[in-house]
Amino acid sequence: MSRFSNLGHKLYQGEVSFDFVGRRKLWYSISAVIVLVAGIGLAMGLHLGIEFKGGSVYTVTKPGLSVSQAQDAVNKIVSSHPLVQSTDNGEIRIQVSSEDKTTSSEFTGKLSQEIGVPVEEIGAQVIGPSWGEQISNKALTGLIIFMILVTVYLAIAFEWRMAVAALVALIHDLLITIGVYALVGFEVTPGTVIGFLTILGYSLYDTVVVFDTVKENTKDLTKQNRLTYSEAANAGLNQTLVRSLNTTVVALLPVAALLFIGGGLLGAGTLNDISLALFIGLAAGAYSSICVATPLLAQLKEEAPEMKALAKRVAQRRAADAKAAEAKAAAKEAGEEEEIADEDLPAGMVGQRGRAAGTTRAKGRPSTKR
């Protein structure tokens, strides 16, 4: 842990730096592959829950009744692949799609005979597809409003390029999360929608923290000629790197417990709805804030005229510094230095006149030794 803290200090001080911005083509390629796979999953279709497509929900409470026993009994009644799950309070929850034409009274009567439970002890709830359509439309409307407000806020608080980069990162995270959901085949429920909106807020928060540091690092950047915008942005990204990783790990731990222990080992399938969305979304949000949002921001900024001029000045200074270093190395190798006026020195060698003149005078002075 002390090593990790030491690394964080070195990153903040600039003693160690990872070139995330300079490798943006690599990150863009990785993101493109992930989004393509997610797109394939979306093309295959989402497994919508009964709340969205309509159907019937039946709950049964019987000591000793297992999910497999209930599944066998239900399969004898309907053939539309009903979903059977156990709930946290010991009940068996059965979901039957609206595609099945079996009436509620007919289903409860047959189920009562199969599992030996009185009809009146079987809870039944019918959900129409129109209700699910309303929920879907409201969720989509909320998402669009959220995106608009985020863009407006970032454009006012920072600038439009940061707003565009953050919006692209949010869409990136949303596509990946929904795509993975489709590939895994988990059921999309209202809890899933809540998870989607939660991860968008987290991803935005992490991106804004990075952008705030980048904004501080690039203040009055055009008044110097040592760093380009991309390099200053990369420095800001490195300064917040350890903090972003720590925040992500701490957030992922309880979500992983819900997903792998609660939903996997303990069999509480209802936890999977929100926990998978949170787990994938948190990981994608951390990745996008580091490898997508900031590199994209730097790319957009580098297209501005003032940043192009800055990059040109930085390149000229570095070329002059390299030339000066070569001249100095050549003079040192020859064992002598010529006296050169400061105004004739390349950038990076101004101030060397006194030492060069001293060397020349020492060379021309007659020796006092006999």
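Check the entry above for the structure.
To keep things clear, this report deals only with the structure shown in the data block.

Rules used in this analysis
- Residues numbered from 1 in each chain as written.
- Predicted model: local features only at pLDDT ≥ 70, side-chain atom pairs only at ≥ 80, totals over all residues.
- Heavy atoms only, no water.
- Core = buried A, V, L, I, M, F, W, Y, C linked by side-chain atoms within 4.5 Å.
- Buried < 20%, exposed > 50% of the residue type's maximum accessible area, 1.4 Å probe, protein only.
- Helix = DSSP H or I, 4+ residues; strand = E, 2+ residues; numbered from the N terminus.
- Contact = heavy atoms within 4.5 Å.
- Phe/Tyr/Trp six-rings, centres within 6.5 Å; stacked < 30°, edge-to-face > 60°.

Once that is clear, we can look at the nonpolar core. If you look at the biggest cluster of nonpolar residues, it comprises 55 residues, and the most contacted ones within it are F20, L154, F196, F211, Y229 and L297. Residue assignment for this core shows that the elements contributing at least two residues are helix 6 (129-157), helix 7 (160-184), helix 8 (190-217), helix 9 (229-239), helix 10 (241-265), helix 11 (272-302) and helix 12 (305-334). The greatest single-element share of this core, amounting to 12 residues, is contributed by helix 11. Here L297 is in contact with R161, M162, A165, F211, V214 and Y229, once residues within four sequence places are set aside. Judged by nonpolar contacts, the second largest core, of 17 residues, contains A70, I94, V96 and I115.

With respect to the helices and strands, the residue P63 is situated in the loop between strand 2 (55-60) and helix 4 (67-75). A relative accessible area of 76% places P63 in the exposed class. Distance in space between the C-alpha atoms of P63 and E91 is 9.0 Å, their sequence separation being 28 residues.

Here we take up the packing of aromatic side chains. Evaluated as defined, the whole model comprises four aromatic pairs. Residues Y58 and F107 carry aromatic rings whose centres are separated by 4.3 Å and whose planes lie at 25° to one another, so their mutual orientation is stacked. A residue pair is termed long-range when its members are at least 10 positions apart, and Y58 in strand 2 and F107 in helix 5 (residues 104-115) qualify at 49 residues. The pair formed by Y58 and F107 is uniform in burial state, with each residue classed as buried. Judged by centre distance (5.9 Å) and plane angle (75°), the rings of Y181 and F196 are edge-to-face. Here F196 lies in helix 8 and Y181 lies in helix 7, a separation of 15 residues in the sequence. F196 carries the same exposure label as Y181, and that label is buried. Linked through ring pairs, F18, F20 and W27 together constitute an aromatic cluster.

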